[in-house]
Amino acid sequence: MDIVFASRHDGHPEQWVQALRQALPDDTVRLWDEGGAKGAAQVAVAWAPPPALFAQEPRLEYLFNLGAGVDTLLRMPELPAGLRIVRLEDGGMAAQMAEYALYYLLDEARGFSRYAEQQKQARWHRVSALQREEWPVGVMGAGRIGACVARLFSTLDYPVAVWSRTGRAVEGAEAFGGAEGLPGFLARTRVLVNVLPLTEETRGILCREAFSQLKPDAYLINMARGGHLVESDLLTALEEGRLRGAALDVFSHEPLPASHPFWAHPRIRVTPHVAGVTLMRSTVRQIAGKIRAMARGEAISGIVDRTRQY
Ligand SMILES: NC(=O)c1ccc[n+]([C@@H]2O[C@H](COP(=O)([O-])OP(=O)(O)OC[C@H]3O[C@@H](n4cnc5c(N)ncnc54)[C@H](OP(=O)(O)O)[C@@H]3O)[C@@H](O)[C@H]2O)c1
């Protein structure tokens, strides 16, 4: 198979090409060369592909996306209608994201930042003991990442629920589904963790209406996409004491502008889109495994349903 690697943002494209060549010695892997001759690649491995890729590689059948989310890719006007998109399925990101959510929940529930502050004054004072039943976690999204996040919290005996489009079951978690399941899910949730894909249906889902249905003194962890959050509604909910705080990894405009009020807000923790980073070794292993399966004529998982947008 003829495979082309194209990425607008990756600083080490040669390393990816080399790793793919090693994993797929019987295939041709090359780095896309903008402005070069028309190519005959059937497969692209890409992250934020340059728009010109599609005109220069007219025979592409599959695009392997170097991430789990495909919202930006699907919005590209140049994307050929018949091109099949294969997204990254976990690839080592789910565990990272579960850690991210756990870190911020523990910080709130066990007061580790407060102890750090107290240490500066040599102050010996215990925050009241953790009662897990007071911290019901609700995970929006029960896919590769949501299920991993939910399983971690459930293993640690937090009450956990997941909410998905179809009401998908996750062991150890109460499952809610669809628009009709959302109010019940929010009403039992104090720590809201978002790992939904960004689609027309989920855009703006983290809004005033949702916040008003959560348990009092709720906490928001958004690791999915900035487009899920109505930023002004978050600021109002914090001001009104509806929410106690938020940990945000993703933003409508990235990098988050220096003048943005989130940076200086005492109840908001900002991280620069690092909750789950793509790991080269496991990603190449997954993509190579799927390309070999395709060559054997086998079906592969992770093909994006372009009408559902995920
Ligand atoms: N911050 C980061 O570093 C980072 C890293 C990786 C991924 N992400 C984000 O995480 C997202 C999730 O990734 P994933 O691999 O877990 O995706 P996935 O396996 O496709 O799972 C998506 C889940 O969302 C549910 N869902 C989709 N549309 C819905 C709707 N309208 N209402 C309710 N539930 C809906 C799906 O429901 P069904 O189960 O019923 O289909 C599924 O459970 C990605 O799209 C990406 O945006 C962020």
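What you see is a predicted model, and the numbers here were worked out from it, not measured in a lab. Residue positions are given per chain, counting from 1 as you read along its sequence in written order. The predicted origin of the model limits local features to residues at a pLDDT of at least 70 and limits the giving and counting of side-chain atom pairs to 80 or more, whereas totals for whole chains, interfaces and linings rest on all residues. Values shown for side chains rest on all heavy atoms present in the structure; no hydrogens or waters enter the calculation.

What about the packing of helix α4 (residues 93-110) against helix α5 (residues 112-120)?
- All axes here are fitted lines through C-alpha atoms, helices being fitted over the stretch that makes contact, and every angle between N-to-C directions spans 0 to 180 degrees. We count a stretch as a helix when DSSP gives it H or I for four or more residues in a row; a strand needs E for two or more, and each element gets its number in order from the N terminus. α5 packs onto α4 with a crossing angle of 60° between their chain directions and a minimal axis gap of 6 Å. One finds that α4 runs oblique with respect to α5. Along the contact surface, α4 presents Leu106, Asp107 and Arg110, while α5 presents Phe112, Ser113 and Tyr115.
- The nonpolar class holds Ala, Val, Leu, Ile, Met, Phe, Trp, Tyr, Cys and Pro. Asp, Glu, Lys and Arg form the charged class, and all remaining residues, Gly among them, are polar. Here the residues of the contact of α4 with α5 sort into 3 nonpolar, 1 polar and 2 charged. What sets the label is the angle itself: under 35 degrees gives roughly parallel, over 145 gives roughly antiparallel, 65 to 115 gives roughly perpendicular, and the rest give oblique. Any pair of residues with heavy atoms lying within 4.5 Å of one another is described as a contacting pair.

Looking at the domain arrangement of the protein
- Domain delimitation in this document rests on an assignment produced automatically or drawn from a domain database. Split into domains, the protein comes out as domain 1 (2-91 + 278-295) and domain 2 (93-270).
- Measuring from the centre of the C-alpha atoms in domain 1 to the corresponding centre in domain 2 gives 32 Å.
- By definition, the buried area sums, over both parts, the 1.4 Å-probe accessible area that each loses when the two are put together. Summed over both sides, the interface between domain 1 and domain 2 buries roughly 820 Å², with carbon and sulfur atoms accounting for 48% of that surface.
- A pairing counts as a salt bridge when a side-chain nitrogen of Lys or Arg comes within 4 Å of a carboxyl oxygen of Asp or Glu. Applying the counting rule to domain 1 against domain 2 returns 2 salt bridges.
- Two residues, Glu89 and Arg144, come together in a salt bridge whose shortest N-O distance is 3.1 Å.
- The definition of a polar contact used here is a pair of N or O atoms within 3.5 Å, where within protein one atom must be able to donate a hydrogen and the other to accept one, and adjacent residues in sequence count solely through side-chain atom pairs. Taken together, domain 1 and domain 2 are joined by 4 residue pairs in polar contact (both at pLDDT 80 or more).

A short note on the packing of aromatic side chains
- Note on aromatic pairs: the rings of Phe, Tyr and Trp (six-membered ring only in Trp) are paired at centre separations within 6.5 Å, and the planes decide the class, stacked below 30 degrees, edge-to-face beyond 60, tilted for the rest. Taken as a whole and assessed by the stated rule, the structure comprises 7 aromatic pairs.
- When the centroid spacing of 5.8 Å and the interplanar angle of 85° are considered together, the rings of Phe153 and Tyr158 count as edge-to-face. Tyr158 shares its class with Phe153; the two are buried.
- An aromatic cluster is defined as three or more aromatic residues linked by ring pairs; in this entry it consists of Tyr100, Tyr103 and Tyr104.
- Here, a charge over a ring is recorded when the distance from Lys NZ or Arg CZ to the ring centre is within 6 Å and its angle to the ring normal is within 35 degrees. The ring of Trp135 has Arg190 lying over it, and the distance from NZ or CZ to the ring centre is 3.7 Å. Working definition: with a 1.4 Å probe on protein chains only, accessible area under 20% of the residue-type maximum means buried, over 50% means exposed, and in between means partly exposed.

A short note on helix α1 (residues 13-23)
- Taken as a whole, α1 has its buried residues at Pro13, Trp16, Val17, Ala19 and Leu20. Buried residues of α1, seen end-on, are gathered within an arc of 165° and therefore sit on one face of the element. Summarising the geometry of α1, the exposed residues directed more than 90 degrees from the buried face are Glu14 and Gln22.
- In the core, the buried residues of α1 are packed alongside β1 (2-7), β2 (28-31), β3 (43-47) and α11 (280-295). The directions from the helix axis to the C-beta atoms form the arc being described.

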